[in-house]
Amino acid sequence: MTASTGRAASGIRSSRRQIAGWALGGLMALAAPFGAMAQTPIKFTLDWVFQGPTSPFLVALEKGYYKAEGLDVTMDPGQGSAGAVQRVATGAYDIGFADVNSLIEYNVKNAGKEIVCVFMAYDFPPFGVHALKKSGIAKPADLAGKKLGAPVFDASFRLFPAFAKKVGVDAKSVEHVNLTPQLREQSLVQGTVDVISGHYFSSILDLKARGVKQEDIVSFNYSDYKMDVYGNGIIVSPPLAAKPEVVTAFLRATAKAWKEVAANPAVGIAAVKKRDPLIDEKLETERLSLSLSMNVLTPYVKENGMGDVDPARFARSVVDVAEAFGLPSAPAPDKVFTSKYLPPKAERMVAP
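Predicted, not measured: the structure shown is a model, and the values here were computed from it.

Asker: Looking at this structure, I do not really get the pattern of salt bridges. What am I missing?
Answerer: Where charged atoms from two side chains of opposite charge come close, those side chains can pair. Scanning the model with the defined rule gives 16 salt bridges in all. For lysine 208, the salt bridge identified is with glutamate 286, shortest N-O distance 2.8 Å. Taken together, the residues span a long stretch of sequence, with lysine 208 in helix α9 (residues 200-209) and glutamate 286 in helix α13 (residues 281-296) at a distance of 78 residues. The class for lysine 208 is partly exposed, based on a relative accessible area of 29%. Taking relative accessible area as the criterion, glutamate 286 reaches 31% and is therefore assigned partly exposed. Ionic pairing is found between arginine 316 and aspartate 228, a salt bridge with its closest N-O pair at 3.4 Å. Of the two residues, arginine 316 is situated in helix α15 (residues 311-324) and aspartate 228 in the loop between β9 (217-221) and β10 (232-236); the sequence distance between them amounts to 88 residues. Overall, the relative accessible area of 46% leaves arginine 316 in the partly exposed class. What emerges from the salt-bridge pattern is a single network uniting Asp123, Asp228, Arg313 and Arg316.

Asker: Any chance you could explain helix α4 (residues 81-89) here in plain terms?
Answerer: Quick reminder: α-helices carry 3.6 residues per turn. Residues three or four places apart thus point the same way. Buried within α4 are the following residues: Ser81, Ala84, Val85 and Val88. Buried residues along α4 cover an arc of 100 degrees about the axis, so they all sit on one side. Residues of α4 that are buried make contact with β1 (40-45), β3 (95-99), α5 (100-109) and β10. After α4 finishes, the residue glycine 91 shows a positive phi value of roughly 90 degrees.

Asker: How should I be thinking about the environment of glycine 268 in this particular structure?
Answerer: Looking at the secondary structure, you find glycine 268 in helix α12 (residues 265-275). Sequence-distant contacts of glycine 268, that is, excluding residues within four places in its chain, are made with Ser55, Val59 and Val261.

Asker: I tried to follow the packing of helix α2 (residues 55-62) against helix α11 (residues 244-263) on my own but got confused; where do I start?
Answerer: Geometrically, a packed helix pair is captured by the angle between its two axes and the distance between the axes. Between α2 and α11, the shortest axis-to-axis distance is 8 Å and the interhelical angle comes to 110 degrees. Classed by the angle they form, the pair α2 and α11 counts as roughly perpendicular. As α2 packs across α11, the resulting crossing turns out to be right-handed. Counting all contacts with α2, which are made through Ser55, Pro56, Phe57, Val59 and Ala60, the residues of α11 involved are Ala253, Thr254, Ala257, Trp258, Glu260 and Val261. For the contact of α2 with α11, the per-class residue count stands at eight nonpolar, two polar and one charged.

Procedures and definitions
- Residues numbered from 1 in each chain as written.
- Predicted model: local features only at pLDDT ≥ 70, side-chain atom pairs only at ≥ 80, totals over all residues.
- Heavy atoms only, no water.
- Salt bridge = Lys/Arg side-chain N within 4 Å of Asp/Glu carboxyl O.
- Helix = DSSP H or I, 4+ residues; strand = E, 2+ residues; numbered from the N terminus.
- Buried < 20%, exposed > 50% of the residue type's maximum accessible area, 1.4 Å probe, protein only.
- Arc of directions from axis to C-beta.
- Contact = heavy atoms within 4.5 Å.
- Axes fitted to C-alpha atoms, helices over the stretch in contact; angles between N-to-C directions.
- Parallel < 35°, antiparallel > 145°, perpendicular 65-115°, else oblique.
- Left-handed = near helix turned anticlockwise from the far one by under 90°.
- Nonpolar A, V, L, I, M, F, W, Y, C, P; charged D, E, K, R; others polar.

This is the structure in structure tokens:
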């Protein structure tokens, strides 16, 4: 090879390297927005500990559904719905999972600083009161004069006055015994209280875990007594509400996970066990199955998809809750729930 030929070949190789470098730079520039999108941080709080009913959130996290939507989600357990609302209201968390009825109370007391629910998870509420047959309680009227054990922040306890009114019981005739969640079911078994309030899928299974047979439990589920309120939903902070694309991305990933768990609950239990290896898998599987069948996969959800509400029903529930909590007024429904962030209906059809 002559010197001139060598220089020409070298020049060609140099040009090829330059072109490759330009191409790589262009690809990196195109990828940059997606890389930045993947770094959007989201702090998410549950209302309670990691259990079967909230496993879809863990599935979305563990399987990378949030990451695929460009979200870097961190997830923490909670200590009650009221606490979850406060966490989101203060900006400590961007998104929360909380009882919408606690949200109604917060919004009335904080006009101008409302937090909105953007996705209804429990179309039928899990609220109720539970007793043992040996107490002699067989019908709602038997609750008069009895001792009701409950944490002061428990959603079922907070709504008990509305339930009592529906069934014709004077709520003031029922003595409240303040208990921590850890002592609630234990106190009922020991007989220090006559009845407890709590989510059906929590209290019933916790009683069974303490050796109580299903046939020995008497439950009055509020939804069976024309208490047409809603349950838990996804709430967002005001700053995040100003980023609709981020909120919708979170909801899309969550709905995808809920559909997967509804089709195969074992996927959800595996995600919970990965986060908490000490869980009772059989118990959590039953808890998840109860929540899916009673609270999530309702006739309305099967027809309309998960996440939305029936406007007329929701408006009635807001009034009922405001009355139950003794609030001075009921907030406008659109100050509590909005459907504007929901993904298309097709992406929210979660029933198997």
